[in-house]
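Letter by letter, the chains look like this.
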Amino acid sequence: MEDFQRFRVRPGDKVKLHRYDPGETEGVSKEEGDGVLHGLLEALGKLQYRLYAEHRQGLLVVLQGIDGSGKDGTIRHVMTGMNPAGCMVTSFKQPTKLELDHDFLWRVHPHAPAKGDVAVFNRSHYEDVLVVRVHHLVPKDVWSKRYALINEFERLLRAEGGTTVVKFFLHISKAEQLQRFEQRLEDPERQWKIAEEDYKERERWDDYVEAYEDVLTETSTEHAPWYIVPADKKWVRNLMVARVLVETLKSMDIQPPKPTVDLHRIRAAFHKAIADGEGKPRVKGKRKGKKG
Ligand code: AMP
Ligand code: MG
């Protein structure tokens, strides 16, 4: 997993998904991986805290993948590292009538992160060149122009909004998808997730592969890269997403703001209050069991 940069799609790469093994573990065991993940989630929380304090730039995380690829699970297991006060998740479903009466980015833009925030998209504007293409919901001359529009949109988010964009394609095998559908069938807690369309979409597997290959080839830019995440093993998926997020945040040169007050003066006032006997007495051994 150290070498996760090789899963980054470079601009100009022509992606063929069969070259990427969805079952990849990079020789790391689950036990090792879970230990590393723990540390990464802690780092993620600290970095997000700094981003929030800095209030100068945002992070947009896009999650895409076929049904059952683990978009929800990634949010549950990786985004938990972050404070919900500065992290918003938006799940994009079938567009409403009103949304369809606008351009495809209209419903997306309001959910881009504000300065200081992290926004997570569970599905995204990419559905408009995926499901929309596979199901011929708009003609080819409409969807084929969208790659360039998406690249421009993501450039705008960066240039005007100070937003860093990072995108994950959760790559699972067809066999793993079937296994996950089976688990949903067997587990009463998960049966609600079963959708009629899931099996219909499965029949269009090859069309989706082609549509995803074009997305990854056309829209992985310097300013908004795609990562192809081996996702048959959930712990590998979590580890890789967490690592990329930590590295991305580290690369953002986050500078928490300097205090706006005169610390000398505040400190003097503080010490005076203590000297005046306003503080709680600190009796040794009595302040264990910190609360709050
Ligand atoms: P789920 O993510 O399982 O809750 O399902 C959401 C459904 O909404 C999926 O079947 C998506 O393909 C569909 N969906 C999301 N965005 C769009 C879109 N722009 N056009 C058509 N269907 C969409
Ligand atoms: Mg679904």
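All values reported here derive from a predicted model rather than from experimental measurement. (Residues numbered from 1 in each chain as written. Chains lettered and ligands numbered in written order. Predicted model: local features only at pLDDT ≥ 70, side-chain atom pairs only at ≥ 80, totals over all residues. Heavy atoms only, no water.)

Turning our attention to the packing of aromatic side chains. A complete count under the given rule lists 6 aromatic pairs for this structure. Taking the centre distance of 5.0 Å and the plane angle of 55 degrees together, the rings of Phe181 and Tyr199 count as tilted. You can see Phe181 sitting in helix H7 (residues 174–186) and its partner Tyr199 sitting in helix H8 (residues 196–203), a full 18 residues away along the chain. Look at Phe181 and you get buried, because its relative accessible area is 2%. You can call Tyr199 partly exposed: its relative accessible area is 33%. Taking NZ or CZ as reference, Arg146 lies 4.6 Å from the ring centre of Phe104, over its face. (Phe/Tyr/Trp six-rings, centres within 6.5 Å; stacked < 30°, edge-to-face > 60°. Helix = DSSP H or I, 4+ residues; strand = E, 2+ residues; numbered from the N terminus. Buried < 20%, exposed > 50% of the residue type's maximum accessible area, 1.4 Å probe, protein only. Lys NZ or Arg CZ within 6 Å of the ring centre and 35° of its normal.)

Here the focus is the pairing of strand S4 (residues 163–171). Summarising burial for S4: 9 of the 9 residues are buried, a large majority. Both faces of S4 are covered, namely the face carrying Thr163, Val165, Lys167, Phe169 and His171 and the face carrying Thr164, Val166, Phe168 and Leu170. The pairing of strand S1 (residues 58–64) with S4 spans 7 bridges and is parallel. What sits directly across from Leu63, in S4, is Phe168. Here S4 runs beside strand S5 (residues 226–230); their pairing, made up of 5 bridges, is parallel. Paired with Lys167 across the bridge in S5 is Trp226. (Pairing = 2+ DSSP bridges.)

So, about the packing of helix H1 (residues 30–54) against helix H10 (residues 234–250). The contact between H1 and H10 brings their axes to 9 Å, and the two run at 35 degrees. Where H1 crosses over H10, the handedness of that crossing is left-handed. Residues Lys30, Gly33, Asp34, Val36, Leu37, Leu40, Leu41, Ala43, Leu44, Leu47 and Leu51 of H1 lie in contact with H10, whose contacting residues are Trp235, Asn238, Leu239, Ala242, Arg243, Leu245, Val246, Leu249 and Lys250. A breakdown of the residues in the contact of H1 with H10 according to their chemical character gives 14 nonpolar, 2 polar and 4 charged. (Axes fitted to C-alpha atoms, helices over the stretch in contact; angles between N-to-C directions. Left-handed = near helix turned anticlockwise from the far one by under 90°. Contact = heavy atoms within 4.5 Å. Nonpolar A, V, L, I, M, F, W, Y, C, P; charged D, E, K, R; others polar.)

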